[in-house]
Amino acid sequence: MGRIKIMAGLGVGVALAAAGCATGVQSAGSGGTGGNGGAAPPGGSATVSVRSVGGVDNVLVDPAGRPLYAADQERGGMVKCVADCVAIWAPVTVPNGVSPHGGAGLTGTLGTVARPDGKTQVTWNSSPLYTFTLDPSGKVTGNGKKDTFGGTSFTWHVQTMSGAGAPSQAPSQPDSGGYGY
């Protein structure tokens, strides 16, 4: 995958487009963590399921089948992907008062964390979950990506049932100070 620099002028347009890509309904969050119980998401579908994506088995996916990622820097539930970061890494969210629901075969603990913007983000084993807005349909391309937003460097991994990121499908290169896409 070629590297594309996102210019500041495009940031607003990308952010608006990414807002439409975020999983779930965005709403004010109550924080804390939840288990797999509680109210089901709207429509009764699973918030997080497991399936094969682009030849990678046991990938955690959102209701639309997009692979889910977590950043090493957010382990334990500390949300650091904010502002420009969410234009590329869209948080998986649920409405206030709704607990995330796991699909058949999902093990581990689903929960939530309050984001600084007031939304309720889904976590898996305490790591906040995101979709990579640049993933083409049916592919896992964000695994191993490194980028920097607001002075924080991130390393992203697709979430699999084994708990480790899947092998990268494209070589990942460290960021050179920009967004690296």
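What you see is a predicted model, and the numbers here were worked out from it, not measured in a lab.

Undergrad: With reference to specific residues and values, describe the pattern of salt bridges.
TA: On inspection of all chains with the given rule, the structure shows four salt bridges. Between R66 and D62 there is a salt bridge, with its nearest N and O atoms 2.7 Å apart. For R66, a relative accessible area of 32% gives the class partly exposed. A residue is classified by how much of its surface remains accessible, and D62, at 2% relative accessible area, is buried. Close ionic contact of D117 with K119 constitutes a salt bridge, the shortest N to O distance being 3.8 Å. By relative accessible area, D117 is classed as partly exposed at 43%. Note on K119: relative accessible area 23%, which makes it partly exposed. Salt bridges sharing common partners tie together R115, D117 and K119.

Undergrad: Now, about the state of the cysteines: what can you tell me, with residues and values included?
TA: A full pass over the atoms with the stated rule returns one disulfide. Across the disulfide, C81 is cross-linked to C85 (sulfur-sulfur distance 2.0 Å). Because the torsion about its S-S bond is -105°, the bridge between C81 and C85 counts as left-handed. For the pair C81 and C85, a shared accessibility class is recorded, and that class is buried.

Undergrad: I'd like a rundown of the packing of aromatic side chains, residues and numbers included.
TA: Scanning the model with the defined rule gives seven aromatic pairs in all. Centre to centre, the rings of F154 and W156 are 5.5 Å apart; their planes meet at 25°, and the pair counts as stacked. Comparing F154 with W156, the two get one shared label, buried. Joined through ring pairs, the aromatic side chains of Y69, W89, Y130, F132, F149, F154 and W156 make up one cluster.

About the thresholds
Residues numbered from 1 in each chain as written. Predicted model: local features only at pLDDT ≥ 70, side-chain atom pairs only at ≥ 80, totals over all residues. Heavy atoms only, no water. Salt bridge = Lys/Arg side-chain N within 4 Å of Asp/Glu carboxyl O. Buried < 20%, exposed > 50% of the residue type's maximum accessible area, 1.4 Å probe, protein only. Disulfide = S-S within 2.5 Å. Phe/Tyr/Trp six-rings, centres within 6.5 Å; stacked < 30°, edge-to-face > 60°.

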